[in-house]
Amino acid sequence: MARNDLTAEYQALKTEIHYHNYRYHVLNDPVISDAEFDLKLKRLDALEAEHPEWITPDSPSQRAGAEPLEQFTKVAHPAPILSLSNAFNEQDLYDWHARITRLEERAGGADFVVEPKLDGLTVVLHYRNGDFVQGATRGNGEVGEDITENLRTVKALPLHIPVVHDGPTVPNELVVRGEVLITKADFEALNRRLVEQGQKTYLNPRNTAAGSLRQLDSRITAQRPLTLLVYAIVDYEGGAIPTTQWGILEFLRALGFPVSSDSCYCRTLDEAVQRCLETDPNAFPFEVDGMVVKINDLVLSAQLGVVGKDPRGAIAFKFPAQEVTTQLNDIGVNVGRTGVITPYAILEPVEIGGVIVKQATLHNFDFIQEKDIRVGDRVLVKRAGEVIPYVIGPIVDVRTGAEVPFSVPHNCPSCGEPIVNPEGEVAYYCTNSACPAQLVRNLEHFVSREAMGIVGLGIIIVEQLIGADLVHDIADLYRLTKDELLNLEGFADKKAENLLMAIAVSKSQPLERLITGLGIRGVGEVAAQALAKHFADLDMLGASSQSEIETIEGFGPNIASSVVEWFHSHENQVILAKLKESGVWPQAESRSATGDQPLAGLTFVITGTLPTLSRSAAKQLIESKGGKVTGSISGNTDFLLLGADPGSKLDQARQRGVETLSEEALQQLIKDRLE
Ligand code: IVH
């Protein structure tokens, strides 16, 4: 290709990637698949490898992080980064309104905007001619720290504001204020990963966002699932901006910034108060500690001025704290699947936000020591929506002297073997690979939805199988027989058959699911996907070297060596040989062909009792082969999978001329289509 064509391709590709990034991370509405997106990124990387001179700071490739810094430099903000005064109830909001109306009569008839008060980290983002040029923390409100490189890795942050036809004009200089956050779900997932890697966990989502933004090595920040929402313009030059808060939110949204969709316009204070009172703090995907009520008219708001650091034109309505105190009755320890031992609090049951809490996490043993938490203490416990409740600390003032300091147990509570704390690590481990507690967790993980997806195999059956000495590792699942299962309590013919079928169906799970299921330290779903893309099967992966694995994006020396170690362990080699012998040996799927997806494009409905498969096993089989299963016959239905004693679906299928299929015919169809 001529050089001109290549530069044109490169520019177009950059724009496209920015667009798809925006669809995914800002609108949460992607229009292409992850695989297609990855291909575009790969092409961009290839072009940049050939022409490093083309790379500019706004290239999507620059989101991966830069060389570590020695320290952060200071940045003076163009205007003070103000704070907010608080309201704790309805009356406080009416009092605020009365106060400002005495100062400016116009405030009496004002309209308002109500926004979630995001519990993240305030950031100040500078754009010059549409390019993101600098980002800073709030600091003391006058001077913050330059965290530009870290912010560049936040995928929801626009690196460039595109000029859109019919869109608003972008001021030459634009300084935007927002909040960097991490969702509750991402926070929990990150902490689970840190536990597996033997690293210190974060205490809460806010602390995670803060810790991630304060990394001197932005490559670490790049691996953190940070996101962003913006809500104000701090300063601008060369252009115009709206004069109402609602206008500002729409303007920022139109420029491509992520803006909360939970903000709302309220014509009167009564409406705004109502909105505050009826909002459920737990309904948000991220932590929100209140609602902010803002005067919509920004000219009026500015006229109202500032008291100390708090503008009079806005106020934070704080939700009742989801924190309570209760007695710490005991400290228990859990054994994770990699042997990591973690402490948890056994509490005097207490209600927090409508839920009875009996246990809470204590993070790690260092935390207990740092906070000097003792058994018998009154402790402050916080619950925020779906986040596992956590202990904040002891209330030292009410100690009676009967509290007992805690020391880390010397032996594993499950197998009794010694617990070790490797030098330089926060984590304590049970190193006995035959520890039953670890095996339970391992199997639980192996059969989970993210891994092999064996439905019907819950923790109780896992414990039963281990207790009956039928299963000593993940591969033993594939050697279970019906007779063995029938000896277990609660197992009759049907249940045994269904379980064996679900286990058999899982053999056709793709390679990445099997890799996830192996439970290699540091290898979750994302890393497993990357490995499955790179290696054809487990033989190839097992034969690879640390340096080869390190060439894969996102793999540092730690994960790479953990993968190599896993495959070199004698015990794991035995497991692999057993898996292979049982036919659990998926091959990487080829990207273009449908591969082992013979039912791709076909839609099925299931009715009646099938001879061997339960409904859910049949559904799983069809879906694992690329087909779709729906609940009712429609114009899109291709086949009715028909068992004994069918329901009304059979009549509907006949009326619509939908073909019926027996279980046997389904198996045949799969075979035929594979050839
Ligand atoms: S407005 C003049 N809006 O809450 C502007 N602040 O306690 C003052 N915060 O440090 C801030 N969500 O970082 C505003 N929708 C929102 C907010 C918000 C979170 C933070 C802000 C500030 C703190 C005030």
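Read on for an overview of the structure. Computed from a predicted structure; not experimentally measured.

1. Focus: the site of the ligand
Neighbouring the ligand are 14 residues; Glu115, Leu118, Thr122, Glu179 and Lys294 lie closest to it. One of the side-chain N or O atoms of Thr122 is found 2.4 Å from an oxygen atom in the ligand. Here Tyr231 contributes a side-chain N or O atom positioned 3.2 Å from an oxygen atom of the ligand. For the ligand, the protein covers 85% of the area, taking 530 Å² as the surface of the free molecule. Of all elements in the fold, only strand 3 (112–118), strand 7 (173–181) and strand 10 (288–295) reach the threshold of two or more residues within the shell around the ligand. Per-element accounting of the shell around the ligand gives the leading share, four residues, to strand 3. Each residue belonging to the shell around the ligand can be placed in one class, and the counts come to seven nonpolar, two polar and five charged.

2. What to know about the packing of aromatic side chains
In this description, a pair of aromatic rings is defined by centroid distance and the angle of the planes. In the structure shown here, the tally under the stated rule is 12 aromatic pairs. Measuring from ring centre to ring centre gives 5.2 Å for Tyr127 and Phe257, while their planes differ by 90°; the resulting arrangement is edge-to-face. Within this pair, whereas Tyr127 is found in strand 4 (residues 121–128), its partner Phe257 is found in the loop between helix 8 (245–254) and strand 9 (264–266), the two being separated by 130 residues in sequence. As far as burial versus exposure is concerned, Tyr127 and Phe257 are alike and both buried. Grouped by ring-pair contacts, the aromatic residues Tyr127, Phe132 and Phe257 constitute a single cluster. Here Lys495 stacks its cationic end above the ring of Phe491, 4.6 Å away from the centre of that ring.

3. Comments concerning empty space enclosed by the protein
Tallied over the entire structure, the rule returns two cavities of 30 Å³ or more. Its volume calculated, the largest cavity comes out at about 90 Å³. Per element, the largest residue contribution to the lining of the largest cavity is three residues, and it comes from strand 15 (residues 340–352). Its residues assigned to classes, the lining of the largest cavity shows seven nonpolar, six polar and no charged.

4. A closer look at the pairing of strand 4
For a regular strand, side chains alternate in direction, first toward one face of the sheet and then toward the other. Burial analysis of strand 4 places seven of its eight residues in the buried class, which makes it a mostly covered element. Bridge analysis of strand 4 against strand 5 (residues 131–137) gives six bridges, and the strand direction is antiparallel. Across the sheet, the residue bridging to His126 is Gln134, located in strand 5. Two successive antiparallel strands, strand 4 and strand 5, enclose a turn made up of two residues, where Asn129 displays a positive phi of approximately 45°.

5. What about the sheet that holds strand 4?
The antiparallel open sheet is built from four strands, whose spatial order is 5-4-7-8. Looking at the sheet topology across the chains shown, the edges are occupied by strand 5 and strand 8 (227–237). Pairwise comparison of adjacent strand axes, ignoring direction, gives a mean angle of 25° for this sheet. Pairing between strand 4 and strand 7: eight bridges, direction antiparallel.

6. With respect to helix 13 (residues 459–467)
Listed in full, the buried residues belonging to helix 13 are Ile461, Val462, Leu465 and Ile466. Buried residues of helix 13, viewed axially, fall in a sector of 135°; they line one side. Exposed side of helix 13, more than 90 degrees from the buried face: Ile460 and Gly467 are the residues found there. Along its buried surface, helix 13 packs onto helix 12 (436–447), helix 14 (482–486) and helix 15 (493–505).

7. As for the pattern of salt bridges
By the definition in use, this model includes 25 salt bridges. Where Glu16 meets Lys40, a salt bridge forms, and the shortest distance between an N and an O atom there is 2.8 Å. With Glu16 in helix 1 (residues 3–25) and Lys40 in helix 2 (residues 34–50), this pair connects stretches of sequence that are 24 residues apart. Glu16 sits in the partly exposed class, given a relative accessible area of 31%. Residues Glu173 and Arg128 are paired through a salt bridge, measuring 2.9 Å at the closest nitrogen-oxygen approach. One end of the pair, Glu173, is in strand 7; the other, Arg128, is in strand 4, and 45 residues separate them in sequence. Exposure remark for Glu173: the relative accessible area of 28% places this residue in the partly exposed category. It is possible to trace a salt-bridge network through shared partners that takes in Asp372, Arg374, Asp377 and Arg399.

8. Description of the pairing of strand 10
Most of strand 10 is tucked away, with seven of its eight residues classed as buried. Pairing geometry for strand 3 and strand 10, over seven bridges, is antiparallel. Bridge pairing links Phe112 to Ile295 in strand 10. Taken together, the five bridges between strand 10 and strand 13 (residues 314–318) define a ladder with antiparallel strand orientation. Looking across to strand 13, one finds that Val292 is bridged to Ala316.

9. Some thoughts on the side chain of Glu403
In this fold, Glu403 is placed in the loop between strand 19 (390–394) and strand 20 (404–405). Notably, Glu403 is buried but unbridged: the nearest opposite-charge side chain belongs to Arg399, and the N-O separation is 4.7 Å. Every residue in contact with Glu403, bar those within four places of it in the chain, is listed here: Arg374, Val375, Gly376, Asp377 and Val398.

Cut-offs applied
- Residues numbered from 1 in each chain as written.
- Predicted model: local features only at pLDDT ≥ 70, side-chain atom pairs only at ≥ 80, totals over all residues.
- Heavy atoms only, no water.
- Near = heavy atom within 4 Å.
- Polar contact = N/O pair within 3.5 Å; in protein donor to acceptor, adjacent residues only side chain to side chain.
- Areas by Shrake-Rupley, 256 points an atom, 1.4 Å probe, with all protein chains shown as cover.
- Helix = DSSP H or I, 4+ residues; strand = E, 2+ residues; numbered from the N terminus.
- Nonpolar A, V, L, I, M, F, W, Y, C, P; charged D, E, K, R; others polar.
- Phe/Tyr/Trp six-rings, centres within 6.5 Å; stacked < 30°, edge-to-face > 60°.
- Buried < 20%, exposed > 50% of the residue type's maximum accessible area, 1.4 Å probe, protein only.
- Lys NZ or Arg CZ within 6 Å of the ring centre and 35° of its normal.
- 1 Å grid on protein atoms, 1.4 Å probe; cavity = no way out; pocket = protein on both sides within 12 Å on 5 of 7 lines; lining within 4 Å.
- Points joined across faces, edges and corners; volume = space filled by probe spheres on them.
- Pairing = 2+ DSSP bridges.
- Axes fitted to C-alpha atoms, helices over the stretch in contact; angles between N-to-C directions.
- Arc of directions from axis to C-beta.
- Contact = heavy atoms within 4.5 Å.
- Salt bridge = Lys/Arg side-chain N within 4 Å of Asp/Glu carboxyl O.
- Lys, Arg positive; Asp, Glu negative; His and termini not counted.

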